[in-house]
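If you want the building blocks of each chain, they are given just below.
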Protein chains: 4
Amino acid sequence: MTTPIEDLTLRLRGFVAARDWERFHTPKNLAMALAGEAGELLAELQWLTAEESAQVMADETAGARVRAEVADVAIYLFRLADTLGIDVVEAAHAKLDEGERRYDVATYRGIARKAPPLP
Amino acid sequence: MTTPIEDLTLRLRGFVAARDWERFHTPKNLAMALAGEAGELLAELQWLTAEESAQVMADETAGARVRAEVADVAIYLFRLADTLGIDVVEAAHAKLDEGERRYDVATYRGIARKAPPLP
Amino acid sequence: MTTPIEDLTLRLRGFVAARDWERFHTPKNLAMALAGEAGELLAELQWLTAEESAQVMADETAGARVRAEVADVAIYLFRLADTLGIDVVEAAHAKLDEGERRYDVATYRGIARKAPPLP
Amino acid sequence: MTTPIEDLTLRLRGFVAARDWERFHTPKNLAMALAGEAGELLAELQWLTAEESAQVMADETAGARVRAEVADVAIYLFRLADTLGIDVVEAAHAKLDEGERRYDVATYRGIARKAPPLP
C-alpha cells in the first residue's frame, strides 16, 4: 500500500524523467523554485486584509489561483524532498515534537512571540 | 482510515488550538510564514554549488538543518491548506494534469524554458 | 561626485574582495540571498496586524531587527545589481514609467487589482 | 540637493497618492510584495547554471526581464523603507560595520560559512 504522497512523488519523478529535466532538479534549483512559488502565493494575498484572505476561496477566480499556487509550492516541496531523501511528514512530526517542548502551553498561550532555541 | 497528511493536519490543528493561536493563523499570515521558511531553506543552500547541494544530506549538521527547514515549510503548507480547505495532493495532481498538456514531451524534452499559458 | 548608492556599492565590492568571496557572489546565489533576507523580513512582520506593522519602529527591539533586515535586503540588492551591471534607481524609474501607463489613475484609483500587461 | 534615492522615493509617494493606494501600503503588505518580487527574480535564474546566470544580461530578452524584476524589488524596498522611516543606505552601512567585526578577514577569507552572532 502506498500513501497519496508516495503516489504523487512517483508521478512527479516520471513527469521529470519523461522530459529529461533531472539535470535541472538539483536541491539548490528546487529550493529556488519552491521559494519562487511561495512568492507567487504571497502576491495573491498581499493586498487583502486578514479577513479578506480568510474568504479568498469563496471567490471562484481568486480561489482557483490560490489553489494553483498552493499546488505549485507542494509540487516543488515533494520534488525537493525526493531528491534529498527526506520524508516530509516524518520531518514535520519531528519538528512538532520539538515545537511542543519549545512552546509550552502555559507560557505561549495566545502569544506569537518566537521562543528561544532549545538548549 | 486516515492518510499521513490528514493525521499531521489534525495534530497541527490541536497544536495551534492548545496555544490559542488560531487568531494568528489567517491565510495571509500563514503564506508569509511559509515564504519565510522557504527563505530559510534558501539560506542553507545559497553558497553551495549545484553538486554540493546534491550532497548536503551527507553532512550530518547541514543535513539536519535542511531537514528542519523542509519540515517548517511543510508545516505551514499543510496549515495553510487546512485553513483554505484545499487538498494539497489533489491540487498538485490537478496542476500536473495541466503541466502534462502544457509541457508536451516532444517540445520540452531537455528544455527548462517556461511554456506559454494554455489557451 | 558619487551618489550614496555608488559609495555603498564600492564599499560592498571591497568587503567581498577582502574576503575572497567573489566566487560565491554569482547573480544566482545573490538572488537566493536576497530572497532569503526578504523571508527574514517577512518573519518579523508575519504575526503582526496591519496596524501593529505600521507601529513596529516605535518598539526599540523589534524596530532594530526590522531595520537590520531591510539593510540585509538592500545589501544583496545592490551587490546583485553591481554584478549584473544594472543601475537600480534608473531601472526603478523605467518600471514606474511603465506603471504610469499601465495603472491609469482613472481606472485604478483605490483598486489594488493587478492590471493586464501592456500591449 | 536631493539624492537619486530621495527623488525616487518622492516619485513613488506621488504615484501611490495619485491612485489612493496608501491604505494598501502597510509595512506588512509591502514586505509581502517585496518578497513576492524577490521570488519572481528567483524564477528568472532558477534553472540557469552559475555561469549562465553571470551571462544573463547578454541575452536581450532575459536581461530585460531580470532588470524589470530587480526594479520591482527596488521599488518595494524603497516604499517599505519610506513607510518605516528607514534610510536604506545608512542602515546598510551600519550592517556592514557589524559585518566587518563579525567576519574578520583572517578567519573568513574564502569561506562562506555563517559566523556566530556578535556577543
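In the nomenclature of an unreviewed UniProt entry, chain A is known as NTP pyrophosphatase (Non-canonical NTP hydrolase) of Actinoallomurus bryophytorum.

**Observations concerning the interface of chain D and chain B**
Residue-level contacts link six residues of chain D with six residues of chain B. Around 570 Å² of area is buried between chain D and chain B when both sides are counted, 74% of it from carbon and sulfur atoms. The tally of links between chain D and chain B comes to two residue pairs in polar contact (both at pLDDT 80 or more). A per-class count over the side of chain D that touches chain B returns four nonpolar, one polar and one charged.

**As for the environment of Ala 43 of chain C**
Residues and elements named next belong to chain C. Mapped onto the fold, Ala 43 is located in helix α2 (residues 27-45). Here Ala 43 falls in the partly exposed class, since its relative accessible area comes to 34%. When the C-alpha atoms of Ala 43 and Pro 27 are compared, they prove to be 24 Å apart, with 16 residues separating the residues in sequence.

**A word on empty space enclosed by the protein**
Counted according to the given criterion, the structure contains one cavity of 30 Å³ or more. The volume enclosed by the largest cavity comes to roughly 70 Å³. Of all the elements in the fold, those that place two or more residues in the lining of the largest cavity are α2 (27-45) of chain A, α2 (27-45) of chain B, α2 of chain C together with α2 (27-45) of chain D. Residues that form the lining of the largest cavity fall into these classes: 10 nonpolar, four polar and no charged.

**Looking at the packing of aromatic side chains**
Scanning the entire structure with this criterion turns up 16 aromatic pairs over all chains. Note on Trp 21 of chain A and Tyr 103 of chain B: the rings are 5.5 Å apart at their centroids and 80 degrees apart in plane angle, and the pair reads as edge-to-face. With one member in each of two chains, Trp 21 of chain A in the loop between α1 (4-18) and α2 and Tyr 103 of chain B in the loop between α5 (88-102) and α6 (105-108) form a pair that bridges those chains. Tyr 103 of chain B shares its class with Trp 21 of chain A; the two are buried. With a centroid separation of 6.3 Å and an interplanar angle of 45 degrees, the aromatic rings of Tyr 76 of chain A and Trp 47 of chain D are classed as tilted. Of the two residues, Tyr 76 of chain A is situated in helix α4 (residues 60-84) and Trp 47 of chain D in the loop between α2 and α3 (50-54); the pairing between them involves two chains. Side by side, Tyr 76 of chain A and Trp 47 of chain D carry an identical accessibility label, which is buried. Taken together, the ring pairs in this structure connect Phe 15 and Trp 21 of chain A together with Tyr 103 and Tyr 108 of chain B into an aromatic cluster. A cation over an aromatic ring shows up here: Arg 19 of chain A above the ring of Phe 15 of chain A, its NZ or CZ 3.8 Å from the ring centre.

**Quick look at the packing of helix α5 (residues 88-102) of chain A against helix α1 (residues 4-18) of chain B**
Between α5 of chain A and α1 of chain B, the least distance of the axes is 11 Å, while the angle of their chain directions is 15 degrees. Classified by the angle between their axes, α5 of chain A and α1 of chain B sit roughly parallel to one another. The element α5 of chain A and its partner α1 of chain B pack so that their crossing is left-handed. Of the residues in α1 of chain B, those in contact with Val 89, Ala 92, His 93, Leu 96, Asp 97, Gly 99 and Glu 100 of chain A of α5 of chain A are Pro 4, Ile 5, Leu 8, Arg 11, Leu 12 and Phe 15 of chain B. Split by residue class, the contact of α5 of chain A with α1 of chain B holds eight nonpolar, two polar and three charged.

**Some thoughts on a negative patch on the surface**
Side chains of Glu 51 and Glu 52 of chain A together with Glu 51 and Glu 52 of chain C sit close together on the surface and give a patch of like negative charge. Of all the secondary-structure elements, those providing two or more residues to the negative patch are α3 (50-54) of chain A together with α3 (50-54) of chain C. Summarising the element assignment, Glu 52 of chain C is placed in helix α3.

**Examining unusual backbone geometry**
All names here are of chain A. Of note in this structure, Asp 20 is not a glycine but carries a positive phi near 55 degrees. Within the secondary structure, Asp 20 sits in the loop between α1 and α2. By relative accessible area, Asp 20 is classed as partly exposed at 29%.

**Structural notes on the relation of the copies chain B and chain A**
It takes a turn of 180 degrees to lay chain B on chain A, together with a shift of 0.0 Å along the axis; the resulting RMSD is 0.0 Å. Such a turn and shift between the copies fits a two-fold axis. Of the interface residues in chain B, 100% have counterparts in chain A that sit at the interface too, so the contact is made through matching surfaces.

**Side note on the pattern of salt bridges**
Residues and elements named next belong to chain A. Inspection of every chain in the model, using the stated rule, returns 32 salt bridges over all chains. Between Glu 44 and Arg 65 there is a salt bridge, with its nearest N and O atoms 2.8 Å apart. Of the two residues, Glu 44 sits in helix α2 while Arg 65 sits in helix α4, which places them 21 residues apart along the sequence. Under the relative-accessibility criterion, Glu 44 is labelled buried at 19%. Among the residues examined, Arg 65 registers a relative accessible area of 41% and is labelled partly exposed.

Parameters and conventions
Within each chain, residues carry numbers counting from 1 in the order of the written sequence. As they are written, the chains are lettered A onward and the ligands numbered 1 onward, keeping that order. Residue-level local features of this predicted model are given only where pLDDT is at least 70; pairs of side-chain atoms are given and counted only at 80 or more, and the full residue set underlies all totals for whole chains, interfaces and linings. With hydrogens and water stripped out, all remaining heavy atoms of the structure feed into the side-chain values. Here a residue-residue contact requires only that any non-hydrogen atoms of the pair lie within 4.5 Å. Two parts placed together each lose some accessible area under a 1.4 Å probe, and the buried area is that loss summed for both. Any pair of nitrogen or oxygen atoms within 3.5 Å is treated as a polar contact; in protein, a donor-acceptor pairing is required on top of that, and neighbouring residues in sequence qualify only through side-chain atoms on both sides. When residue character is reported, Ala, Val, Leu, Ile, Met, Phe, Trp, Tyr, Cys and Pro are called nonpolar, Asp, Glu, Lys and Arg charged, and the others, Gly included, polar. Counting from the N terminus, the helices are DSSP H or I runs at least four residues long and the strands are E runs at least two residues long. When a residue's accessible area, from a 1.4 Å probe over protein chains only, is under 20% of the maximum for its type it is buried; when over 50% it is exposed; and in between it is partly exposed. Here a cavity means grid points, on a 1 Å grid over the protein atoms only, where a 1.4 Å probe fits yet cannot get out; a pocket means an open set of points with protein on both sides within 12 Å along at least five of seven lines; lining residues are those with an atom within 4 Å of a point. Grid points are joined across faces, edges and corners, and a volume is the space filled by probe spheres set on the points. In this analysis, rings of Phe, Tyr and Trp, with Trp reduced to its six-membered ring, are considered paired at centre separations within 6.5 Å, and the interplanar angle assigns stacked below 30 degrees, edge-to-face beyond 60, and tilted for intermediate values. Placement of a charge over a ring requires the Lys NZ or Arg CZ to be within 6 Å of the ring centre, with the centre-to-atom vector within 35 degrees of the ring normal. Only the stretch in contact is used when a helix axis is fitted, and all axes are lines through C-alpha atoms; the angle between N-to-C directions ranges over 0 to 180 degrees. For classification, angles of less than 35 degrees are called roughly parallel, those exceeding 145 degrees roughly antiparallel, those between 65 and 115 degrees roughly perpendicular, and all remaining angles oblique. Put simply, a crossing is left-handed when the front helix is turned counterclockwise from the back one by less than a right angle, and right-handed when it is turned clockwise. Patch definition: residues above 30% relative accessible area lacking any salt bridge, with like charges linked at up to 9 Å and the nonpolar side chains Val, Leu, Ile, Met, Phe, Trp and Tyr linked at up to 5 Å. Here the accessible surface of atoms and residues is derived via Shrake-Rupley with a 1.4 Å probe, and residues count as covered only by protein chains that are part of the display. One side-chain nitrogen of Lys or Arg within 4 Å of one carboxyl oxygen of Asp or Glu is enough to make a salt bridge. Counting rule applied: Lys, Arg positive; Asp, Glu negative; His and chain ends not counted. Where a charge sits is defined by one atom per residue type, namely NZ (Lys), CZ (Arg), CG (Asp) or CD (Glu). When the copies are superposed, the least-squares fit takes in the C-alpha atoms of residues with a pLDDT of at least 70 in both.

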